[in-house]
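Each chain is listed here by its residues.
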Amino acid sequence: SEFVSTVAHQLRTPLSAIKWTLDILLKDATAGSLSIDQKALLMKAYESNERIINLIRDMLGIDRIESGMFGFSFIEISIIDLINNILEEFASQINRRNITVSVKSPEGLPKISVDPQKMRAVLQNLIENALKYTKEGGTLSLELHVEGDKMKIVVADNGIGIPKEQQADIFKRFFRAENAKAVDPEGSGLGLFIVRTIINRHGGDMTFESEPGKGTKFFLTLPLHHT
Ligand code: ADP
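Since we're looking at a predicted model, the values are computed, not measured. (Residues numbered from 1 in each chain as written. Predicted model: local features only at pLDDT ≥ 70, side-chain atom pairs only at ≥ 80, totals over all residues. Heavy atoms only, no water.)

**Focus on the sheet that holds strand β6 (residues 205–211)**
Thought 1: Here five strands make up an open sheet; going across it, the order is β2-β4-β5-β7-β6 and the pairing mixed. Where the open sheet ends on each side, the last strands, each with one partner, are β2 (100–104) and β6. The sheet shows a mean angle of 10 degrees between the axes of neighbouring strands, taken without regard to direction.
Thought 2: As defined by bridge partners, strand β5 (residues 150–157) adjoins strand β7 (residues 215–223) across eight bridges and the pair is classed as antiparallel. Looking across to β7, one finds that Val155 is bridged to Phe218.
Thought 3: Helix α3 (residues 79–89) rests against β2, β4 (139–147) and β5 of the sheet, and its axis sits at about 170 degrees to β4.
Thought 4: Contacts between helix α7 (residues 191–201) and the sheet are confined to β6 and β7, with β6 contributing the most and set at about 140 degrees to the helix. (Pairing = 2+ DSSP bridges. Helix = DSSP H or I, 4+ residues; strand = E, 2+ residues; numbered from the N terminus. Axes fitted to C-alpha atoms, helices over the stretch in contact; angles between N-to-C directions. Contact = heavy atoms within 4.5 Å.)

**Considering helix α5 (residues 116–132)**
Thought 1: With 17 residues, α5 should reach 24 Å at 1.5 Å per residue; the first-to-last C-alpha distance of 24 Å fits that figure.
Thought 2: Lys118, Met119, Val122, Leu123, Asn125, Leu126, Ile127, Asn129, Ala130 and Leu131 are the residues of α5 that are buried.
Thought 3: Two or three places before Gln117, at the opening of α5, Asp115 has a side-chain oxygen 3.1 Å from that residue's backbone nitrogen. (Expected span 1.5 Å × (residues − 1). Buried < 20%, exposed > 50% of the residue type's maximum accessible area, 1.4 Å probe, protein only. Polar contact = N/O pair within 3.5 Å; in protein donor to acceptor, adjacent residues only side chain to side chain.)

**Some details on the site of the ligand**
Thought 1: With respect to spatial proximity, 20 residues lie near the ligand, and among them Asn129, Tyr133, Asp157, Arg176 and Leu192 are the closest.
Thought 2: Note that an oxygen atom of the ligand is positioned 3.0 Å from one of the backbone N or O atoms of Ala177.
Thought 3: Within the backbone of Gly191, an N or O atom sits 3.0 Å from an oxygen atom of the ligand.
Thought 4: Surface burial for the ligand is 98%, taken as the share of its 530 Å² of free accessible area covered by protein chains. (Near = heavy atom within 4 Å. Areas by Shrake-Rupley, 256 points an atom, 1.4 Å probe, with all protein chains shown as cover.)

**Some points on α3**
Thought 1: Every buried residue of α3 is accounted for by Ile79, Ile80, Leu82, Ile83, Ile86 and Leu87. Viewed along the axis of α3, the buried residues span an arc of 160 degrees, placing them on a single side of the element. Of the exposed residues in α3, the ones pointing more than 90 degrees away from its buried face are Asp81 and Glu88. (Arc of directions from axis to C-beta.)

**Regarding the pattern of salt bridges**
Thought 1: What the rule picks out here adds up to 10 salt bridges.
Thought 2: With a shortest N-O distance of 4.0 Å, Lys150 and Asp149 are connected by a salt bridge.
Thought 3: Across the pair Glu211 and Lys164 runs a salt bridge whose closest N-O atoms are separated by 3.3 Å. You can see Glu211 sitting in strand β6 and its partner Lys164 sitting in the loop between β5 and α6 (178–183), a full 47 residues away along the chain.
Thought 4: Residue class for Lys164 comes out partly exposed when judged on its relative accessible area of 46%. (Salt bridge = Lys/Arg side-chain N within 4 Å of Asp/Glu carboxyl O.)

**A word on the pairing of β6**
Thought 1: Residue alternation in β6 divides its side chains into a buried set, Met206, Phe208 and Ser210, and an unburied set, Asp205, Thr207, Glu209 and Glu211.
Thought 2: The pairing of β6 with β7 spans seven bridges and is classified as antiparallel. Its bridge partner lying in β7, Met206 is registered against Leu220.
Thought 3: Counting the residues in the hairpin turn of β6 and β7 gives three residues, including Gly213, whose phi is positive at 80 degrees.

**Here we look at the packing of aromatic side chains**
For any pair of aromatic rings, the description rests on two quantities: the centre-to-centre distance and the angle between the ring planes.
Thought 1: Counted by the stated rule, this structure contains three aromatic pairs.
Thought 2: Judged by centre distance (5.9 Å) and plane angle (65 degrees), the rings of Phe171 and Phe208 are edge-to-face. Note that Phe171 is positioned in the loop between β5 and α6 and Phe208 in strand β6, a separation of 37 residues in sequence. Phe208 matches Phe171 in its accessibility class, with the two residues each being buried. (Phe/Tyr/Trp six-rings, centres within 6.5 Å; stacked < 30°, edge-to-face > 60°.)

**Some thoughts on unusual backbone geometry**
Thought 1: Backbone geometry at Asn98 places phi at a positive 55 degrees, although glycine is not the residue there.
Thought 2: Take Asn98: it is sitting in the loop between α4 (91–96) and β2.
Thought 3: Owing to a relative accessible area of 54%, Asn98 belongs among the exposed residues under this scheme.
Thought 4: In this model, Phe174 sits at a positive phi of 70 degrees, which is unusual for a non-glycine residue.
Thought 5: With respect to the secondary-structure elements, Phe174 resides in the loop between β5 and α6.

**Re the packing of α3 against α5**
Thought 1: At a closest axis distance of 10 Å, the pairing of α3 and α5 adopts a crossing angle of 50 degrees. Considering their axes alone, α3 and α5 lie oblique with respect to each other. Our pair here, α3 against α5, has a crossing hand that is right-handed. Contact residues: α3 offers Ile79, Leu82, Ile83, Asn85, Ile86, Leu87 and Glu89, while α5 offers Pro116, Met119, Arg120, Leu123, Gln124 and Ile127.
Thought 2: Within the contact of α3 with α5, the residues separate by chemical class into nine nonpolar, two polar and two charged. (Parallel < 35°, antiparallel > 145°, perpendicular 65-115°, else oblique. Left-handed = near helix turned anticlockwise from the far one by under 90°. Nonpolar A, V, L, I, M, F, W, Y, C, P; charged D, E, K, R; others polar.)

Shown next, in the form of structure tokens:
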């Protein structure tokens, strides 16, 4: 764990330098103009670099969870505001891929006590997966309601689904189902592990149902108040 943490930290700085250098070449005319082919090649380098940066971010996230340094601080927030905010971040991807998004929640949904940053990471991950593993023109739906002193959140898509024989493994670190690798060869397989750890630290739990070729639903249950 210490080794991973040190290496990941050491890699971050030069990777950021590469990111900004490529960014300047691609966007800043003062560095000289590029031909279309040169631009396309640099874009590829930029995207690969982004993937490594994201992988390292995930690795550092896990390392902090495992070493107990992942501090949580709970405050009451409107989860709907958080969801709308996250959906705005994904707006261009949603439009580009023509995904129909719906958010359903009853009037006057109460606030919930969460660590806002961590809950953002949870919902970002689930929404990102739903979009990634859904074909163009697909659907993403979020449903929220309260049962007793718990909030239930369902994140559903009508995408590729998870093969039955691999469903038992999807929360394992680095595990990725075969059909997911075909859609996105570069994923890390760390997202759901992080998501479940964060949900558990909130005193909640998480399950899913998935039909290969039809879609996947993730069910989150979270206590309204943190004790
Ligand atoms: P990654 O998306 O980087 O592969 P995750 O940890 O987020 O990693 O997910 C682990 C695996 O669970 C994915 O590789 C995929 O096989 C499966 N999975 C997660 N979400 C979905 C989804 N919405 N639809 C289909 N498969 C999913």
